[in-house]
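Survey of secondary and tertiary structure
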Amino acid sequence: MNKPVTAFVGTLIHSVSFGNLEMIANGAVLHCNGIITEIVDLDKNPNALKDVSHVCDYKGKLIIPGFVDAHCHAPQYVFTGTGMDLGLLEWLNKYTFPTESKFKDEVFARYAYEKSVKRHLKCGTTCAAYFATLHLNASKVLADVIQASGQRSLVGKVNMDRNSPDFYIEPTDSGCMETEEFLRYVLNMTTTGSDFLKLVDADEVTEEDMMSDLSPSRFDSRNSLLNKTNMPRVMPVITPRFVPTCRYICI
């Protein structure tokens, strides 16, 4: 039995390579199970839709690839545009750290994150690298919200263990443990991620290995989730906030 194919019809604009922009005035994007299978110029191939199960007609509209945001702080959506007259450190201390500390409340975190992710999607951002806060449970909430939304993302629990206010800081040891728990939580959201974790846990790496054998070839030979067609849509990343507030990247 043939798998159902959906076609989005409209004016297509996309980059076929760096610096090479293509526009197809009467085009169609064909996809099956969420994977694009073909880009079609209907003026050149008018019969391309004959075996399509469903056509979404967007004639007269532009169809473009989704935007990728490589650096976005999901909790900062709740005070967007505030304190633009301040320098970075003043702004962090007056607005950012006090507001992000409120995400300890998981109910508030879910409300805020649902708003943040929906707005990113509404603006055309289909892939994003999200900073959460230093709160483990609230960071899990963000991962859940992203997974439910269908957005592709990299998401991390923020790490902050120095030069931060008393109400918004974490000990290094517990921060490391909670970061690992978060990574495992996100990977276990999918069968592919869970299977990968089993492989990682089965591959014993000694302290001597970590200190003496960091050549790229060692890791190239190991299983990886990156750049695979079955790569989980939501992936965890280790997320130091930045050098001033993080000892992790200095030891």
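Above this text is the structure in question.
To keep things clear, this report deals only with the structure shown in the data block. Since this is a predicted model, take the numbers as computed values, not measurements. (Residues numbered from 1 in each chain as written. Predicted model: local features only at pLDDT ≥ 70, side-chain atom pairs only at ≥ 80, totals over all residues. Heavy atoms only, no water.)

Spatially, β5-β6-β7-β9 is the arrangement adopted by the four strands of the open sheet, whose pairing is parallel. Two strands bound the open sheet, and with one partner strand each, they are β5 (67-73) and β9 (234-236). Pairs of neighbouring strands in the sheet enclose a mean axial angle of 15°, with direction left out of account. Here β5 runs beside strand β6 (residues 125-131); their pairing, made up of five bridges, is parallel. Paired with D69 across the two strands is A128, which belongs to β6. Sheet strands in contact with helix α2 (residues 106-122) are β5 and β6, and its direction is about 145° off that of β6. Running over the sheet, helix α4 (residues 172-187) touches β7 (152-156) and β9 and is turned about 160° from β9. (Pairing = 2+ DSSP bridges. Helix = DSSP H or I, 4+ residues; strand = E, 2+ residues; numbered from the N terminus. Axes fitted to C-alpha atoms, helices over the stretch in contact; angles between N-to-C directions. Contact = heavy atoms within 4.5 Å.)

Our focus in this paragraph is the pattern of salt bridges. Scanning the entire structure with this criterion turns up six salt bridges. For K157, the salt bridge goes to E170, with nearest N and O atoms at 2.9 Å. A residue pair is termed long-range when its members are at least 10 positions apart, and K157 in the loop between β7 and β8 (158-159) and E170 in the loop between β8 and α4 qualify at 13 residues. Taken as a pair, K157 and E170 share a single burial class, namely buried. Taking the shortest distance from any N to any O, the salt bridge between E180 and R184 comes out at 3.1 Å. Residue E180 and its partner R184 are both found in helix α4; the two are separated by four residues, about one turn of the helix. The exposure class of E180 is partly exposed, given its relative accessible area of 42%. Residue classification places R184 among the partly exposed positions, given a relative accessible area of 29%. (Salt bridge = Lys/Arg side-chain N within 4 Å of Asp/Glu carboxyl O. Buried < 20%, exposed > 50% of the residue type's maximum accessible area, 1.4 Å probe, protein only.)

Here we come to a positive patch on the surface. A grouping of K115, K118, R119 and K122 is seen on the molecular surface, where their side chains present a positively charged patch. Inspection of the secondary structure assignment puts K118 in helix α2. (Patch = residues over 30% accessible without salt bridge, like charges linked within 9 Å, V, L, I, M, F, W, Y side chains within 5 Å. Areas by Shrake-Rupley, 256 points an atom, 1.4 Å probe, with all protein chains shown as cover. Lys, Arg positive; Asp, Glu negative; His and termini not counted. Charge placed at Lys NZ, Arg CZ, Asp CG, Glu CD.)

This paragraph deals with the pairing of β7. Summarising the sheet, β6 and β7 pair through five bridges and their orientation is parallel. Counted as the bridge partner of A128 is S153 from β7. Taken together, the three bridges between β7 and β9 define a ladder with parallel strand orientation. Bridge pairing in β9 links V155 to P236.

Attention shifts here to helix α3 (residues 136-149). Here α3 contains 14 residues, and its C-alpha end-to-end distance of 20 Å stays within 8% of the 20 Å for a straight helix at 1.5 Å per residue. Residues L136, A138, S139, K140, V141, L142, A143, V145 and I146 constitute the buried set of α3. Looking at the buried side of α3, the elements it contacts are α2, β6, β7, α4 and β9. After α3 finishes, the residue G150 shows a positive phi value of roughly 90°. (Expected span 1.5 Å × (residues − 1).)

This part takes up the sheet that holds strand β4 (residues 54-63). Taken in spatial order, the four strands of this open sheet run β3-β2-β1-β4, and their pairing is mixed. A single partner strand is all that each edge strand has here, and the edge strands are β3 (35-41) and β4. Strand-to-strand twist across the sheet, computed as the mean angle between neighbouring axes with direction ignored, equals 45°. In terms of strand pairing, strand β1 (residues 6-17) meets strand β2 (residues 20-32) through 10 bridges, oriented antiparallel. For V9, the partnering residue across the bridge sits in β2 and is A28.

By themselves, these figures tell us nothing about what the structure is for.
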